[in-house]
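Architecture and fold: a report
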Amino acid sequence: MSMVHVAPEAHLVLDPLTSVLAAEREDIICYSMDPIMEQVDELDKIADDLINSLAPDRKLLNSYPGREETSLKAGFYGNTFYGVVVGLVFSGMVALALYILSMIGGF
């Protein structure tokens, strides 16, 4: 935030963040933090978007409208598919083991 010149003829400035009224001096350099604060705000939005990407029900920064639940649905269908595949493989192995045991005469 830049300084506000309260009385330019008396060289008085006001810092709006701290509300300090002081004399303007030539030996002190004061930089404006406005461009840096804009970049920090942009990085804050990106960091929030990164955190939101971890939750399936949060809206992402660059997503199209109406796609808030997309990752939740994709996770459900993906996990259902892999669950069915693993279940079929396990059932096939159990059926094969029972068939081999019946051929040996164990059952």
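Since the structure is predicted, the reported quantities are computational estimates derived from the model, not experimental observations. (Residues numbered from 1 in each chain as written. Predicted model: local features only at pLDDT ≥ 70, side-chain atom pairs only at ≥ 80, totals over all residues. Heavy atoms only, no water.)

1. Let's talk about the overall build of the chain
What counts, and what does not: Counting from the N terminus, the helices are the DSSP runs of H or I reaching at least four residues and the strands are the DSSP runs of E reaching at least two. With C-alpha atoms as the basis for the radius of gyration, the globule rule is written as 2.2 Å multiplied by the number of residues raised to the power 0.38. Throughout this description, buried means an accessible area under 20% of the type-specific maximum (1.4 Å probe, protein chains only), exposed means over 50%, and partly exposed covers the range between. We call two residues in contact when some of their heavy atoms are within 4.5 Å. In this description, accessible areas are obtained by the Shrake-Rupley approach with a 1.4 Å probe, and a residue is regarded as covered only by the protein chains that are shown.
Along the backbone of the chain there are 2 helices and 3 strands. The linear arrangement of helices and strands in the chain, starting from the amino end, is β-β-β-α-α. Since a compact globule built from 107 residues should have a radius of gyration of about 13 Å, the 33 Å found for the chain marks it as more spread out than a globular shape. Taken along the three principal axes of its C-alpha coordinates, the chain extends 110 × 30 × 15 Å. By the burial criterion, 4% of the 107 residues in the chain qualify as buried. Taking as baseline every contact in the chain between residues at least 6 positions apart, the subset at least 24 positions apart corresponds to 10%. Taken as a whole, the chain presents about 9300 Å² of accessible surface, with 66% of it coming from carbon and sulfur.

2. Quick notes on unusual backbone geometry
Even without being glycine, His-11 reaches a positive phi, approximately 55 degrees. When you line up the elements, His-11 lands in the loop between strand S1 (4-7) and strand S2 (12-15). You will see that Ser-19, though not glycine, has its phi angle at about 60 degrees, which is positive. Relative to the assigned elements, Ser-19 resides in the loop between S2 and strand S3 (20-23). Residue classification places Ser-19 among the exposed residues on the basis of a relative accessible area of 58%.

3. Some thoughts on the packing of aromatic side chains
Inclusion rule: Two rings belonging to Phe, Tyr or Trp (six-membered ring only in the last case) form a pair when the distance between their centres is within 6.5 Å. Interplanar angles under 30 degrees mark stacking, angles over 60 mark edge-to-face geometry, and anything in between is tilted.
Under the counting rule described, the total for this entry stands at 2 aromatic pairs. Summarising the aromatic geometry, the rings of Phe-76 and Tyr-77 are spaced 5.5 Å apart at their centres and angled 65 degrees between planes, so their arrangement reads as edge-to-face.

4. Brief notes about the sheet that holds S3
Our working rule: Two strands form a pair only when DSSP identifies at least two bridges running between them. The convention used is that axes are lines fitted to C-alpha atoms, helices contributing only their stretch in contact, and that angles between N-to-C directions extend from 0 to 180 degrees.
Read across the sheet, 3 strands follow the order S1-S2-S3 without closing on themselves; strand pairing throughout is antiparallel. Both edges of this open sheet fall to S1 and S3, since each of them pairs with a single strand only. Across the sheet, the mean angle separating the axes of adjacent strands is 35 degrees when strand polarity is ignored. Pairing analysis gives 3 bridges linking S1 to S2, with the strands arranged antiparallel. Among the inter-strand pairings, His-5 is bridged to a residue of S2, identified as Val-13.

5. As for the environment of Phe-81
Topologically, Phe-81 is positioned in helix H2 (residues 70-104). Note on Phe-81: relative accessible area 51%, which makes it exposed.

6. Examining H2
We apply this condition: Residue count minus one, scaled by 1.5 Å, sets the expected span of a helix.
Spanning 35 residues, H2 covers 51 Å between terminal C-alpha atoms, matching the ideal 51 Å at 1.5 Å per step. Where H2 terminates, the next one or two residues include Gly-105, which has phi positive at roughly 105 degrees.

7. Some points on a negative patch on the surface
How we decide: In this scheme, patches are assembled from residues that exceed 30% relative accessible area and form no salt bridge. Like charges are connected within 9 Å, while nonpolar side chains (Val, Leu, Ile, Met, Phe, Trp, Tyr) are connected within 5 Å. Whenever Lys or Arg places a side-chain nitrogen within 4 Å of a carboxyl oxygen from Asp or Glu, that contact is recorded as a salt bridge. Within this scheme the basic residues Lys and Arg register as positive and the acidic residues Asp and Glu register as negative, but His and the chain ends are omitted. Lysine's charge is taken at NZ, arginine's at CZ, aspartate's at CG and glutamate's at CD.
Among the surface-exposed residues, Asp-34, Glu-38, Asp-41, Glu-42, Asp-44 and Asp-48 lie close enough to one another that they form a single negatively charged patch. By secondary structure assignment, the location of Asp-41 is in helix H1 (residues 34-52). By relative accessible area, Asp-41 is classed as partly exposed at 43%.

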